[in-house]
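Architecture and fold: a report
Below, each chain spelled out in residue letters.
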Amino acid sequence: MEFIVQKIGMSRTIVAPSRAVTLLKIIPTKICKIHEGKALVAYPRGKCFNKSIEGNQKKYNLTKEYNRFAVLNIKQATEGDINTSCLSEGVRLKATFRTKGRGFSGAIKRWNFQGGPSSHGSRFHRRLGSIGNREWPGRVQPGKKMAGHYGDDNVTVQSQVVSFDKQSNILVLSGSVSGYNGAYGKITILEKKRQ
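Reading the values: rules and limits
- Residues numbered from 1 in each chain as written.
- Predicted model: local features only at pLDDT ≥ 70, side-chain atom pairs only at ≥ 80, totals over all residues.
- Heavy atoms only, no water.
- Domains from an automatic or database assignment.
- Contact = heavy atoms within 4.5 Å.
- Buried area = accessible area lost by both parts, 1.4 Å probe.
- Salt bridge = Lys/Arg side-chain N within 4 Å of Asp/Glu carboxyl O.
- Polar contact = N/O pair within 3.5 Å; in protein donor to acceptor, adjacent residues only side chain to side chain.
- Core = buried A, V, L, I, M, F, W, Y, C linked by side-chain atoms within 4.5 Å.
- Buried < 20%, exposed > 50% of the residue type's maximum accessible area, 1.4 Å probe, protein only.
- Helix = DSSP H or I, 4+ residues; strand = E, 2+ residues; numbered from the N terminus.
- Pairing = 2+ DSSP bridges.

This brings us to the domain arrangement of the protein. Segmentation of the protein into domains returns domain 1 (2–103 + 155–189) and domain 2 (104–150). Relative placement of domain 1 and domain 2: their C-alpha centres are 40 Å apart. Taken together, the contact between domain 1 and domain 2 spans four residues of the former and six residues of the latter. Here domain 1 packs against domain 2, burying approximately 330 Å² in sum over the two surfaces, 45% of which is carbon and sulfur. Interface area lost by domain 1 to domain 2 is led by G101, R102 and G103, which between them contribute 98%. The interface formed by domain 1 and domain 2 holds zero salt bridges in total. The interface formed by domain 1 and domain 2 includes four residue pairs in polar contact (both at pLDDT 80 or more).

Our focus in this paragraph is the nonpolar core. Counting 27 residues, the largest nonpolar core has F3, L24, I26, L87, L171, L173 and I187 as its most contacted members. Of all the secondary structure elements, the ones that give two or more residues to this core are strand 1 (2–12), strand 2 (20–26), strand 4 (38–43), strand 7 (92–98), strand 10 (154–165), strand 11 (170–174) and strand 12 (184–191). Non-local contacts of I26, meaning those with residues more than four positions away in its chain, are made with F3, I4, V5, T84, L87, F164, N169, L171 and I187.

Our focus in this paragraph is the sheet that holds strand 3 (residues 30–35). If you walk across this open sheet you meet the four strands as 5-4-3-6, and the pairing is antiparallel. Among the strands making up the open sheet, the edge pair consists of strand 5 (68–73) and strand 6 (80–81). The pairing of strand 4 with strand 5 spans six bridges and is classified as antiparallel. Pairing of A39 across the sheet is with L72, part of strand 5.

In structure tokens form, the structure reads like this:
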């Protein structure tokens, strides 16, 4: 079972021992079509609107706010609102978000290289250093850690549900997940609560 979620932020529990938790909001999702355990779902996000979205809204009898579509693995057999009854304390799940994009970054920031001495006269401060070999192989090896695009990758972490409020649709996970506050992601339930 999968759900589309939005990251609210991080907090701590006030019971002893205190632990870091992440707050996620379950996005209200409509199931439009079901086929072999997968479902086409619609959910609201922003104000994006065009003729293809309008056509799908008419086809599946949706209101204007449901302007995004995705395919999720579900166990629900009926169309309509997605069922959140399987979310409860102790359930283990996977959370997939995109990391913060950091653009073109140097090797020190991207790969945690040490760099050189910062005192004057060194002339080697935040550079990459040697990247080559000898006359053989006479080329840079593939996969060499260098400066380049950093972040904006899909990252999945396993976590456990601390609590779930059905009225406000707020899900509390132990630990942290990737992404900025307000980022959209996906959670996948791994197993049911142990009795």
